[in-house]
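# Structural overview
For reference, the chains in residue letters:
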Amino acid sequence: MSNCIIAPSILSADFARLGEEVDNVIAAGADWVHFDVMDNHYVPNLTIGPMVCQALRKHGVTAPIDVHLMVEPVDRIVPDFAEAGASLISFHPEASKHVHRTIQLIKSHGCKAGLVLNPGTPVEVLDWVLEDLDLVLLMSVNPGFGGQAFIPSTLDKLRAVRAMIDKRGKPVILEVDGGVKADNIGQIAAAGADAFVAGSAIFNAPDYAQVIAQMRGNVAA
Ligand code: DX5
Ligand code: ZN
């Protein structure tokens, strides 16, 4: 068993049975709940907000909730998510006027802070903020939709960010999001990722426990 973090994206869950879906995926061995927030402005899709996060907590979900904000502007919604029970909050630098300020805002509300890099965003955006971050999330698809194919150049980008993190010496979680499946997770892990978002690969599978175990096995291999 490896100590990788598996974070199923509820974007591909059955929203009519969301609490049950989250319970099932955690019981099946998932570590975090990945919570995709889209605003039909920063990305061309519309999903869920703090009320749903709060509802999951009220339902009894105790696993870390990994909130991925694809919204612009970012700052106004951060306190609401912190109050709603978010554990980690990640945002896209293009959606914040003051990236450093937003990181501090997230941390001042007691959450871990992450920065998300789109496939076209250069890794240099991390240069002066990496030491303030708890997590870096590399998008391996363009944000907005589940079920897209993994963009292969993400592997080189993962290696570059892994080297930056290792050079700094402070532990920062390196997460990857988009097109992650049991059959490519091994090479994604080998490139340096330690947390893996998977939506369609898990929620479209007939047996969540089986696919999560297979993913962990392929990370460890
Ligand atoms: C895309 C989202 C992803 C997505 C992953 O904007 O951030 O979390 O739902 O879905 P799959 O695993 O289906 O590519
Ligand atoms: Zn996401």
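If you look the protein up in an unreviewed UniProt entry, it shows as Ribulose-phosphate 3-epimerase from Stenotrophomonas nitritireducens. Quoted verbatim from the Function (unreviewed entry) field of UniProt, the annotation for the protein is "Catalyzes the reversible epimerization of D-ribulose 5-phosphate to D-xylulose 5-phosphate." In its Sequence similarities (unreviewed entry) section, the UniProt entry covering the protein states "Belongs to the ribulose-phosphate 3-epimerase family."

The bulk of non-glycine residues show a negative phi, and the bulk of peptide bonds are trans. Of the consecutive residues glutamate 72 and proline 73, the connecting peptide bond is found in the cis state with omega at 0 degrees. With respect to the element layout, proline 73 can be found in the loop between β3 (65-70) and α3 (78-84). The residue asparagine 40 is not glycine, and still its phi comes out positive at about 55 degrees. Turning to its location among the elements, asparagine 40 is positioned in the loop between β2 (33-38) and α2 (50-59). Judged by C-beta crowding, with 12 C-beta atoms within 10 Å, asparagine 40 ranks as exposed.

Attention shifts here to the nonpolar core. Among the nonpolar cores identified, the biggest contains 74 residues, and Val67, Leu69, Phe81, Ala86, Ile89, Val136 and Phe196 are the most heavily contacted of them. When residues of this core are assigned to their parent elements, the largest contribution, five residues, is made by strand β6 (residues 135-139).

Time to look at the UniProt feature "active site" (unreviewed entry) in the protein. UniProt records the feature "active site" (unreviewed entry) at Asp36 and Asp177, using the numbering of this structure. These annotated residues cover 142 residues of sequence, and their C-alpha atoms lie no more than 10.5 Å from one another, placing them together at a single site. Summarising the element assignment, aspartate 36 is placed in strand β2. Discounting residues that sit within four places of it in the chain, aspartate 36 has contacts with Ser9, Leu11, Thr47, His68 and Met70. For aspartate 177, a count of 26 C-beta atoms within 10 Å puts it in the buried group. Filtering out sequence-adjacent residues up to four positions away, aspartate 177 remains in contact with His68, Leu137, Met139, Ser140 and Val197.

Across the two faces of strand β8 (residues 195-198) the burial is the same, with Ala195 and Val197 and Phe196 and Ala198 all buried. Pairing of strand β1 (residues 5-8) with β8, which is carried by four bridges, proceeds in the parallel orientation. For proline 8, the partnering residue across the bridge sits in β8 and is alanine 198. Strand direction decides the pairing type here: strand β7 (residues 173-177) and β8, joined by three bridges, are parallel. Bridging from a neighbouring strand, glutamate 175 pairs with alanine 195 of β8. In this fold, the crossover linking β7 to β8 by way of helix α6 (residues 185-190) has right-handed handedness.

Scoring rules and cut-offs
- Residues numbered from 1 in each chain as written.
- Chains lettered and ligands numbered in written order.
- Predicted model: local features only at pLDDT ≥ 70, side-chain atom pairs only at ≥ 80, totals over all residues.
- UniProt positions renumbered as here; feature names shortened; annotations may be inferred.
- Helix = DSSP H or I, 4+ residues; strand = E, 2+ residues; numbered from the N terminus.
- Buried ≥ 20, exposed ≤ 12 C-beta atoms within 10 Å, placed from the backbone.
- Core = buried A, V, L, I, M, F, W, Y, C linked by C-beta atoms within 7 Å.
- Contact = placed C-beta atoms within 7 Å.
- Pairing = 2+ DSSP bridges.
- Right-handed = clockwise from strand over helix to strand, strands pointing away.

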